[in-house]
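Breakdown of the fold
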Amino acid sequence: MIGWYDELNNRVQSISLHFNGVENEPVNYILRDTPCEKIMLKKMCVYPNNVRKTYPNDLHLKSLEIEGFIGKPILNENNEIIGLLALMHKEPITELFNKEYIIQFLAPRISNEIGRWKAEVNLRNSEDLTNNLLSSLNSHIAVIDKDGFILKVNRAWMEFAEQNGINDVKKVGVGANY
């Protein structure tokens, strides 16, 4: 499992979750009373066996019948936790060194991917907020660049154009030169 950390709510949202070679639906869970909670202390956690017995309140471990667990925090360039990487097995984990090495090797690469993914999510959220704000305003608004090209318009702008007989969006919409 690869998940990003929601520090505000002390939760993890899986980004990638595979079980028995099959991709599963994302899960969102609270960290309390799970092995992942220890990962958030910036420590690698290794439970070669009996992880369900160690964390009897972890319903995910119980429902998936997980026996072995290895997990590591994913840190950003500021050494802040942004996610986690965990390997879980139904059987006790053997060849521990190899699996720990793989996690250590993958963690920095996953950090880059989570960072890029979070930046994309933040950008989309920012664009959605900007679009919603523009659309909520009754004033006729067109955002233009330094060369006069229209970058964004709001609903009121387009309605005004239509009410004044301009039906060709190419003349007054995004991409047009003001």
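Above this note sits the structure.
Below is a summary of the structure that appears in this document. (Residues numbered from 1 in each chain as written. Predicted model: local features only at pLDDT ≥ 70, side-chain atom pairs only at ≥ 80, totals over all residues. Heavy atoms only, no water.)

**Side note on the pairing of strand S1 (residues 2–6)**
Successive side chains on a regular strand alternate, one facing one side of the sheet and the next facing the other. Pairing of S1 with strand S2 (residues 11–16) involves five bridges; the strand directions are antiparallel. Of the residues in S2, the one forming a bridge with aspartate 6 is arginine 11. Hairpin connection of S1 to S2: four residues between the antiparallel strands, including asparagine 10 at a positive phi of 50°. Pairing analysis gives three bridges linking S1 to strand S8 (residues 81–89), with the strands arranged antiparallel. Within S8, the position partnered with isoleucine 2 by the bridge is leucine 85. (Pairing = 2+ DSSP bridges. Helix = DSSP H or I, 4+ residues; strand = E, 2+ residues; numbered from the N terminus.)

**A short note on the packing of aromatic side chains**
For any two aromatic rings, the description comes down to two numbers: the centre-to-centre distance and the angle of the planes. Within the structure shown, the criterion is met by five aromatic pairs. Ring centres of tyrosine 47 and phenylalanine 69 lie 6.4 Å apart, and the angle between their planes is 55°; this geometry places the pair in the tilted category. Here phenylalanine 69 lies in strand S7 (residues 68–75) and tyrosine 47 lies in strand S6 (residues 45–47), a separation of 22 residues in the sequence. By relative accessible area, tyrosine 47 is classed as buried at 13%. Considering the side-chain rings of tryptophan 157 and tyrosine 178, the 5.9 Å spacing of their centres and the 45° angle between planes classify their relative orientation as tilted. In this pair, tryptophan 157 is assigned in helix H5 (residues 155–163) and tyrosine 178 in the segment after helix H6 (169–172), connecting sequence segments 21 residues apart. (Phe/Tyr/Trp six-rings, centres within 6.5 Å; stacked < 30°, edge-to-face > 60°. Buried < 20%, exposed > 50% of the residue type's maximum accessible area, 1.4 Å probe, protein only.)

**Points about the sheet that holds S8**
Taken in spatial order, the six strands line up as S5-S2-S1-S8-S7-S6 in an open sheet, and their pairing is antiparallel. With one partner strand each, in any of the chains shown, strand S5 (28–30) and S6 form the two edges of the open sheet. Shown here is a sheet whose adjacent strand axes are inclined to one another by a mean of 25°, direction ignored. Two strands pair when backbone bridges link them, and S7 and S8 are joined in this way by eight bridges, in the antiparallel orientation. Across the sheet, glycine 68 pairs through a bridge with histidine 89, a residue of S8. Here helix H4 (residues 96–136) sits on the sheet and contacts S1, S2, S6, S7 and S8; the angle it forms with S7, its principal contact strand, is near 40°. (Axes fitted to C-alpha atoms, helices over the stretch in contact; angles between N-to-C directions. Contact = heavy atoms within 4.5 Å.)

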